[in-house]
Amino acid sequence: MDKLIEGFERFRKVTYPTKQRLFKKLATAQAPHTLVITCADSRVVPEYFTSSDPGQLFVVRNVGNIVPPYAQFVGGVSAAIEYAVVVLGVKDIVVCGHSDCGAMKATLKPGSTESMPAVTAWLRHAEVARHVFEQNYELDDEKARLHALTEENVISQLDHLRTHPSVAARLAAGKISMHGWVYDIETADIRVFDAEARRFVTLQIGDDDKVLATPEMAAVAASNSSAGGAADASRAGYLRAVAYAGSDL
Ligand SMILES: [Zn+2]
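These remarks concern the structure in this document. (Residues numbered from 1 in each chain as written. Predicted model: local features only at pLDDT ≥ 70, side-chain atom pairs only at ≥ 80, totals over all residues.)

1. Observations regarding unusual backbone geometry
Non-glycine residue Asn65 carries a positive phi angle of around 40°. Along the chain, Asn65 falls in the loop between β2 (57-62) and α4 (76-87). The phi angle at Ala188 is positive, at roughly 65°, despite the residue not being glycine. Position of Ala188 among the secondary structure elements: in the loop between β4 (177-183) and β5 (190-194). Owing to 8 C-beta atoms within 10 Å, Ala188 belongs among the exposed residues under this scheme. (Helix = DSSP H or I, 4+ residues; strand = E, 2+ residues; numbered from the N terminus. Buried ≥ 20, exposed ≤ 12 C-beta atoms within 10 Å, placed from the backbone.)

Here's what the structure looks like:
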């Protein structure tokens, strides 16, 4: 507890005075651009690794970055999604898994959470990912297995996200974009789900340090700009949530 109080003191004395304008602006309204659904793991802090200020990200955290399918389970995650989409009007939703995820390790070993009935029940929402993994991968290496399941889980939760009426309606109208990420704690890499290629690719920072892109996206952007064309709009969607980080507040 002492650490918490000391940290709060430092925030009040050092950080707060430098951001007073921001907090005054945030005192009566919020307008986050992105909803981030990520794991409760203490090492995964989306505001930190996207250099975001308070007010920029609407973050929902739970064990395993799960999005329960709407018809099966309406609870806190569903309510937060609905609020972020309908009231706050977020333009992007990121489902962000991560390396060394305890929830994914448990999902790989059914029965390992027997002493935790709530965790067991919650992780049933990751069952679909485990089935996809078990029937489509033949991997012996434990790290590779965990990595593959973590990616499949992000894809599964994106699929669940589509079952939420508020999201489905805006997706159909082209008013919202969904993104699947896997954050690597050790290397600070982010792998992004490329829905067209149906695989994850590593985000790379472009030459101008402003555009973040996968190698493929960078190539598309380069060929388009040399031809004088516009950037590939469908792929640009993937970049938005990252490109906004740490912006104008
Ligand atoms: Zn986790």
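2. A few points about the nonpolar core
Core analysis: the biggest nonpolar cluster contains 41 residues, and Leu35, Ile37, Ile93, Val95, Cys96 and Trp181 have the highest contact counts within it. With sequence-adjacent residues up to four places away left out, Val95 is seen in contact with Ile37, Asn65, Val67, Val154, Gln157, Leu158, Leu161 and Gly180. (Core = buried A, V, L, I, M, F, W, Y, C linked by C-beta atoms within 7 Å. Contact = placed C-beta atoms within 7 Å.)

3. Some thoughts on the pairing of strand β1 (residues 34-39)
Counting buried positions over the 6 residues of β1 gives 6, a clear majority of the element. Strand direction decides the pairing type here: β1 and β2, joined by 6 bridges, are parallel. Across the sheet, Ile37 pairs through a bridge with Val60, a residue of β2. Looking at chain direction, β1 and strand β3 (residues 92-98) are connected through 5 bridges and run parallel. Considered in β3, the bridge of Thr34 is made with Asp92. (Pairing = 2+ DSSP bridges.)

4. As for the pairing of β5
With 4 of its 5 residues buried, β5 lies for the most part within the structure. Pairing geometry for β4 and β5, over 3 bridges, is antiparallel. Bridged to Tyr183 within β5 is Ile190. A loop of 6 residues connects β4 with β5, the two strands running antiparallel in sequence, and Ala188 in this loop sits at a positive phi of about 65°. Following β5, the chain reverses through 4 residues before pairing antiparallel with strand β6 (residues 199-202); Arg198 in that reversal takes a positive phi of roughly 50°.

5. Thoughts on the sheet that holds β4
Taking strand neighbours across the sheet as the criterion, the 6 strands line up as β2-β1-β3-β4-β5-β6 in an open arrangement whose pairing is mixed. Single-partner strands in this sheet number two, and they are β2 and β6. Neighbour-to-neighbour, the strand axes of the sheet open up by a mean angle of 25°, direction not taken into account. The sheet contact formed by β3 and β4 spans 7 bridges and is parallel. Paired with Cys96 across the bridge in β4 is Trp181. Along the sheet, α4 makes contact with β1 and β2, crossing β2 at roughly 170°. (Axes fitted to C-alpha atoms, helices over the stretch in contact; angles between N-to-C directions.)

6. A few points about the environment of Val74
Among the secondary structure elements, Val74 is positioned in the loop between β2 and α4. For the pair formed by Val74 and His164, sequence separation is 90 residues and the distance between their alpha carbons is 9.7 Å.

7. A look at the packing of helix α7 (residues 127-136) against helix α8 (residues 142-162)
α8 packs onto α7 with a crossing angle of 130° between their chain directions and a minimal axis gap of 8 Å. With respect to each other, α7 and α8 are oriented oblique. In this structure, the crossing between α7 and α8 has a hand that is right-handed. Residue-level inspection shows Val128, Ala129, Arg130, Val132 and Phe133 of α7 in contact with α8, the latter providing Ala148, Leu149, Glu152, Asn153 and Ser156. (Parallel < 35°, antiparallel > 145°, perpendicular 65-115°, else oblique. Left-handed = near helix turned anticlockwise from the far one by under 90°.)

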